[in-house]
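Topology and contacts: notes
Next come the chains, spelled out residue by residue.
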Amino acid sequence: MPLQNTLRIVPETGGDPRVRVFRCLFAPPDESEHLEVDAYALITDRYVALLDTLLCPEDMAFVVEQLHDVLPGRQLLVINSHADWDHAWGNSYFSHNGQVSAPIIAHSHCFTRLRSAEAQAELDEYQQRYAVFQHVVLLPPTITFTHSLTLHGGDLTLELLPAPGHHADHIAAWIPELQLLLAFDAVERPIPIIGDKEGVQPMRQTLEHFLSLHPQRVLCSHGKTTTVAMVEQNLAYLRSLEERCQDFLHRQKPTEDEITQGAALINYPFREVIASMPNLAEDAFYTGVHDNNIACTLQFLMTRLDK
Ligand SMILES: [Zn+2]
């Protein structure tokens with residue numbers, strides 16, 4: 001079986017030696033699309049906080065091994081940014097009867113999602129397709145919150161904040177002493193992924209809130225960027241989507257079929273979205289994401305018009 005995922009440490013990306021970045025490449029042999037996703041370890045006086053558990057327990061065995069120098073004397077805490085497969089399927093490595101037991105902290109809706117029949121069905125499907133998921137067992141978080149949660153690590157503080165839009169359970173992590181924001185999937189290069197029509201407004205508000213924190217560095221799970229400019233670009237994109245969809249709806253109401261062809265419908269090709277971004281080529285995955293973002297925005301605006 002060819003190698004499907006590889007994991008490595010990405011030095012310097014965290015901007016401080018207490019922030020370690022782990023990058024997982026998922027490259028299934030039967031597909032041209034590759035996915036890269038990052039997880040983080042934050043090393044404080046009191047805690048080692050592991051933010052996201054990537055694809056499988058084996059990923060976490062690697063990460064924990066890399067932290068052998070900092071774990072003695074510190075409590076290990078695990079945090080899920082949200083329940084998606086590329087962020088939380090390594091959770092079972094930390095089960096109470098596993099090798100390394102640790103509390104798993106997340107939004108309460110992440111608990112619901114990881115216990116859902118849909119999540120199990122998705123796992124069953126992935127396990128049939130890819131060997132890398134064979135040891136994954138869905139494990140929901142053990143400590144949940146809805147508003148915000150602050151971990152006082154001594155030298156560093158970790159503030160966990162709801163950051164909905166990509167998903168209702170999505171959170172971000174803010175480390176004020178470093179002015180570092182871990183945005184996970186709320187920020188993405190080239191464009192963020194809106195979960196559904198309910199996510200349109202929250203996603204914009206999430207990005208506005210991020211900017212109000214005045215971060216110096218912003219890390220996101222996909223796209224390898226570290227700059228605040230990416231948050232600004234994502235926000236400008238969402239605003240432009242809303243404006244163009246608004247203009248379109250003033251002229252006509254689309255049919256259900258037309259809504260799925262978003263970019264052509266509102267005349268906003270993906271190529272135009274990435275025109276100002278260097279080193280980006282047209283990409284089938286993000287072209288589809290763009291169409292879907294437009295569909296979500298149109299549906300959101302239409303429900304508002306109906307009221
Ligand atoms: Zn993701």
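Attention here is on the structure that accompanies the text. (Residues numbered from 1 in each chain as written. Predicted model: local features only at pLDDT ≥ 70, side-chain atom pairs only at ≥ 80, totals over all residues.)

1. Observations regarding helix 6 (residues 228-251)
Over its 24 residues, helix 6 extends 36 Å from the first C-alpha to the last, a length consistent with the 34 Å expected when each residue adds 1.5 Å. All of the buried residues along helix 6 are Met230, Val231, Gln233, Asn234, Leu238, Leu241, Cys245 and Phe248. (Helix = DSSP H or I, 4+ residues; strand = E, 2+ residues; numbered from the N terminus. Expected span 1.5 Å × (residues − 1). Buried ≥ 20, exposed ≤ 12 C-beta atoms within 10 Å, placed from the backbone.)

2. Digging into the environment of Met203
Position of Met203 among the secondary structure elements: in helix 5 (residues 200-212). Considering only alpha carbons, one finds Met203 and Val187, 16 residues apart in sequence, at a separation of 9.4 Å.

3. Brief notes about the sheet that holds strand 7 (residues 143-145)
Ordered in space as 1-2-3-4-5-6-7, the seven strands form an open sheet in which the pairing is mixed. With one partner strand each, in any of the chains shown, strand 1 (5-9) and strand 7 form the two edges of the open sheet. Between one strand axis and the next, the sheet turns by 20 degrees as a mean value, whatever way the strands run. Sheet analysis places strand 1 next to strand 2 (residues 19-26), joined by five bridges and oriented antiparallel. Bridge assignment links Ile9 to a residue of strand 2, and that residue is Phe22. (Pairing = 2+ DSSP bridges. Axes fitted to C-alpha atoms, helices over the stretch in contact; angles between N-to-C directions.)

4. Structural notes on the packing of helix 5 against helix 6
Close contact between helix 5 and helix 6 brings their axes to 10 Å; oriented N to C, the two are set at 150 degrees. One element, helix 5, and the other, helix 6, form an angle in the roughly antiparallel class. Note on packing geometry: the crossing formed by helix 5 with helix 6 is left-handed. Contact residues: helix 5 offers Met203, Arg204, Leu207, Glu208, Phe210 and Leu211, while helix 6 offers Val231, Glu232, Asn234, Leu235 and Leu238. Considering only residue class, the contact of helix 5 with helix 6 consists of seven nonpolar, one polar and three charged. (Parallel < 35°, antiparallel > 145°, perpendicular 65-115°, else oblique. Left-handed = near helix turned anticlockwise from the far one by under 90°. Contact = placed C-beta atoms within 7 Å. Nonpolar A, V, L, I, M, F, W, Y, C, P; charged D, E, K, R; others polar.)

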